Amino acid sequence: MTPRPLVMGVVNVTPDSFSDGGEWLQPEAAVTHARLLVSQGADLVDVGGESTRPGAERPSVEEELRRVLPVVSALATAGVTVSVDTMRASVAAAALDAGASIVNDVSGGLADPDMVGLVADRGVDYIAMHWRGHSADMQSRAIYDDVVGDVCSALVDRAAALAAGGIAPERVVLDPGFGFAKTAEHNWALLRSLDLLVGLGHRLLVGTSRKTFLGRVGRAPGAERSPLDRDVVTAVTTAYAALAGVWCVRVHDVPTTVDALDVAAALAGPTGPAGGSGSAGPIGPIGPASPEEELR
Ligand code: PMM
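Residues numbered from 1 in each chain as written. Predicted model: local features only at pLDDT ≥ 70, side-chain atom pairs only at ≥ 80, totals over all residues. Heavy atoms only, no water.

A. Expanded view of unusual backbone geometry. The backbone phi angle of Ala181 is positive, close to 55°, even though this residue is not glycine. When you line up the elements, Ala181 lands in the loop between strand E6 (172–175) and helix H6 (184–192). Of the residues examined, Ala181 reaches a relative accessible area of 1% and is grouped as buried. (Helix = DSSP H or I, 4+ residues; strand = E, 2+ residues; numbered from the N terminus. Buried < 20%, exposed > 50% of the residue type's maximum accessible area, 1.4 Å probe, protein only.)

Set out below in structure tokens:
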């Protein structure tokens, strides 16, 4: 079977995310939407209670917990694989207790000193994104000598720090962090170099979905696509990411993603993309909990 990236469906339980802010703030609406994403082909659902759009203010811990826990719990009970999108160890711990099985930390462990220890103790998969600081002022940090080299070496350093903190390397998924302290040019340069990022030796997750650089591409200032009008351009980057061998794509719209992955699979042919970290099936390739499990 041709390796094919997993599809992570996004459910932001926030009032202010840039593309779906406010839509799924009620737990029932969030759960219904997540189940729709799964019925459309999402392999897992990413539940987040803090918007990371540029300029966003942080919610309190209590508010973040209030947003995500009922949704995580209902989805896990329904048998959905859930990742929790949080930078806070206390929120990650509560979400894992409520049934989440993956921690997606856009700060890669830099925002909360307790995160690495928590993930090491729980032995779960951990998505570590390239990050240069909180959203309130992150775009002022979009300065690189060589964005591809700088992001690759920052991710390699993070992976080493996570291993030193006790997280098994096979549990670590890396993510270049499209749109986080990056200009449009930085995002395109990283996308062009996905093969290098895939070659870092960890599974790679890519999250381009509906991001600003895709609203701007090919459009004059003032004529940019609105966030809800970016699913076709997202699908093109998704097909490209699949051909580069990424393990997972994080998206808002699942049907266009599945179409893009069908095209990529046909283009890749029976042997699949060269050197990829893509998966052979739903959730299975998430790293083994222990060497014993690997032998089973
Ligand atoms: N982007 C957003 C939020 N969480 N997590 C990972 N791992 N990678 C991303 O690129 C990422 C993320 C921001 O997008 P959203 O507001 O639409 O969720």
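Moving on, there is more to tell.
B. Representation of the site of the ligand in the model. The environment of the ligand is formed by 16 residues, the closest being Asn104, Asp175, Lys211, Arg250 and His252. The backbone of Gly207 places a nitrogen or oxygen atom 3.3 Å from an oxygen atom of the ligand. At 2.7 Å from an oxygen atom of the ligand is found a side-chain nitrogen or oxygen belonging to His252. Alone, the ligand offers 410 Å² of accessible surface; in the complex the protein occludes 98% of this. Every element with two or more residues in the shell around the ligand is listed here: strand E1 (6–12) and strand E5 (125–129). (Near = heavy atom within 4 Å. Polar contact = N/O pair within 3.5 Å; in protein donor to acceptor, adjacent residues only side chain to side chain. Areas by Shrake-Rupley, 256 points an atom, 1.4 Å probe, with all protein chains shown as cover.)

C. Fine view of the pattern of salt bridges. Summed over all chains, the structure comprises 11 salt bridges. The salt bridge involving Arg171 is made with Asp125; its shortest N-O contact spans 2.7 Å. Placement of Arg171 in the loop between helix H5 (147–164) and E6 and of Asp125 in strand E5 is noted, with a sequence separation of 46 residues between them. The residues Arg171 and Asp125 share a single accessibility class, namely buried. Salt bridges here are not isolated pairs; linked through shared partners, they connect Asp46, Asp85 and Arg250. (Salt bridge = Lys/Arg side-chain N within 4 Å of Asp/Glu carboxyl O.)

D. Structural context of the side chain of Glu50. Secondary-structure assignment places Glu50 in the loop between strand E2 (44–48) and helix H2 (61–77). A distance of 2.9 Å separates a polar atom in the side chain of Glu50 from a polar atom in the side chain of Arg58. Non-local contacts of Glu50, meaning those with residues more than four positions away in its chain, are made with Thr14, Arg58, Pro59, Glu64, Met87 and Arg88. (Contact = heavy atoms within 4.5 Å.)

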